[in-house]
Amino acid sequence: MTREEYLDILQNNLHGIPPQEAENIMEYYREYFDDAGVENAEKVMQELGAPEQLAKRAAADAAAENGFAGAAGSGQNPGFGSYNGQTDEKKKHTAAGITLAVITSPIWASLLLAAVCVLFAVVITVAAVVLSLGFAAVVMVAAGLFTVGTALVTVFLHIPTAVMLIGAGLVSVGLGLLAALLTYGCVIGIKRFVMWISNKEWRNAKIHKPKIFA
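In this report, we go over the structure that sits alongside the text.

### Focus on the overall build of the chain
Thinking step 1. Helix and strand counts for the chain come out as 7 helices and 0 strands.
Thinking step 2. Listing the helices and strands of the chain from first to last along the sequence gives α-α-α-α-α-α-α.
Thinking step 3. A buried classification covers 24% of the 214 residues belonging to the chain.
Thinking step 4. Long-range pairs, those at least 24 residues apart, make up 60% of the contacts in the chain with a sequence separation of at least 6.
Thinking step 5. Taken as a whole, the chain presents about 14100 Å² of accessible surface, with 71% of it coming from carbon and sulfur.

### Remarks on helix α3 (residues 41-48)
Thinking step 1. Residues Ala41, Val44, Met45 and Leu48 constitute the buried set of α3. Along α3, the residues classed as buried sweep out an arc of 95° about the axis, all on the same side.
Thinking step 2. Downstream of α3 by one or two residues, Gly49 has phi in the positive range, about 90°.

### Looking at the nonpolar core
Thinking step 1. Counting 22 residues, the largest nonpolar core has Leu10, Leu14, Ile25, Tyr29, Phe33 and Leu48 as its most contacted members.
Thinking step 2. Counting only elements with at least two residues in this core, the list comes to α1 (3-12), α2 (19-36), α3 and α4 (51-66).
Thinking step 3. Considering every element that reaches this core, the biggest residue donor is α2, with 8 residues.
Thinking step 4. If sequence neighbours within four positions are ignored, Leu14 has contacts with Ala22, Ile25, Met26, Ala55 and Ala58.

### Quick look at the packing of α1 against α2
Thinking step 1. Relative to each other, α1 and α2 sit at 160°, their axes nearing to 11 Å. Relative to α2, the element α1 lies roughly antiparallel. Like other packed secondary-structure pairs, α1 and α2 cross with a definite hand, here right-handed. Between α1 and α2, the residues in contact are Arg3, Tyr6, Leu7, Leu10 and Gln11 and Glu23, Met26, Tyr29, Arg30, Phe33 and Asp34, respectively.

### Some points on helix α6 (residues 105-154)
Thinking step 1. The end-to-end C-alpha distance of α6 is 71 Å, a good match for the 74 Å that 50 residues give at a rise of 1.5 Å each.
Thinking step 2. When we look at burial in α6, the residues that qualify are Val130, Gly134, Ala137, Gly144, Val148, Ala151 and Thr154.

### Observations concerning the pattern of salt bridges
Thinking step 1. In this structure the tally under the stated criterion is 2 salt bridges.
Thinking step 2. The closest approach of N and O atoms between Asp34 and Arg3, which form a salt bridge, is 2.6 Å. Of the two residues, Asp34 sits in helix α2 while Arg3 sits in helix α1, which places them 31 residues apart along the sequence.
Thinking step 3. Since its relative accessible area comes to 42%, Asp34 is described here as partly exposed.
Thinking step 4. A salt bridge links Glu23 to Arg30, with the nearest nitrogen and oxygen atoms 3.4 Å apart.
Thinking step 5. The class of Arg30 is partly exposed, set by a relative accessible area of 28%.

### Description of the packing of aromatic side chains
Thinking step 1. All chains considered together, the criterion is met by 4 aromatic pairs.
Thinking step 2. Ring centres 5.1 Å apart and planes at 85° place the aromatic pair Tyr28 and Tyr29 in the edge-to-face group. Assigned by exposure class, Tyr28 and Tyr29 land together as buried.
Thinking step 3. Aromatic side chains Tyr28 and Tyr32 sit 6.4 Å apart centroid to centroid with 15° between the ring planes, which places their arrangement in the stacked category. Within this pair, Tyr28 and its partner Tyr32 are both found in helix α2, separated by 4 residues, close to a single helical turn.
Thinking step 4. Relative accessible area serves as the criterion here: at 10%, Tyr28 is assigned to the buried category.

Parameters at a glance
- Residues numbered from 1 in each chain as written.
- Predicted model: local features only at pLDDT ≥ 70, side-chain atom pairs only at ≥ 80, totals over all residues.
- Heavy atoms only, no water.
- Helix = DSSP H or I, 4+ residues; strand = E, 2+ residues; numbered from the N terminus.
- Buried < 20%, exposed > 50% of the residue type's maximum accessible area, 1.4 Å probe, protein only.
- Contact = heavy atoms within 4.5 Å.
- Areas by Shrake-Rupley, 256 points an atom, 1.4 Å probe, with all protein chains shown as cover.
- Arc of directions from axis to C-beta.
- Core = buried A, V, L, I, M, F, W, Y, C linked by side-chain atoms within 4.5 Å.
- Axes fitted to C-alpha atoms, helices over the stretch in contact; angles between N-to-C directions.
- Parallel < 35°, antiparallel > 145°, perpendicular 65-115°, else oblique.
- Left-handed = near helix turned anticlockwise from the far one by under 90°.
- Expected span 1.5 Å × (residues − 1).
- Salt bridge = Lys/Arg side-chain N within 4 Å of Asp/Glu carboxyl O.
- Phe/Tyr/Trp six-rings, centres within 6.5 Å; stacked < 30°, edge-to-face > 60°.

Okay, here's the thing in structure tokens:
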């Protein structure tokens, strides 16, 4: 039996409770499966038992908790206690978190705005430096080639001047190529840094993912 089949049977057997309560129960068990991971789906189903029996226990717990008539059956769900206690606690924590976020919003909003401004300034500065290097490379190479071309014409008129222009043109081309290499290095470095940050965040998310089973 797959996880989807298990959850479908569970949902179809949640009788005698309001639709919203049934949806809350289904949401809880979907998250329970998600936290365990795909590789542990079979263990989760073994721990919870038959979905029909789990539906009876969950409905009975919900009925006892909320004071309405529910399906027959009693007893806590295995391993983690009553679903209702978990969801009520989650709701309390969520409400407390929202209240705290609203109260402290002037502080964290200001800090967030400052961080965004700093990040934006850094990005603009790096982009300006890279673009400036690239533009300088193009200009210096073009100027050097133009100077060398002018020297080839001047060689028939005045050789020393032509030699001087050729030297200046070659120096300009060399500086332009150096600027182009620096631009290329900056682009590659930025790309690798972004990839490193992305891979690091992905690894951290994978390492700290909550696991129910060892």
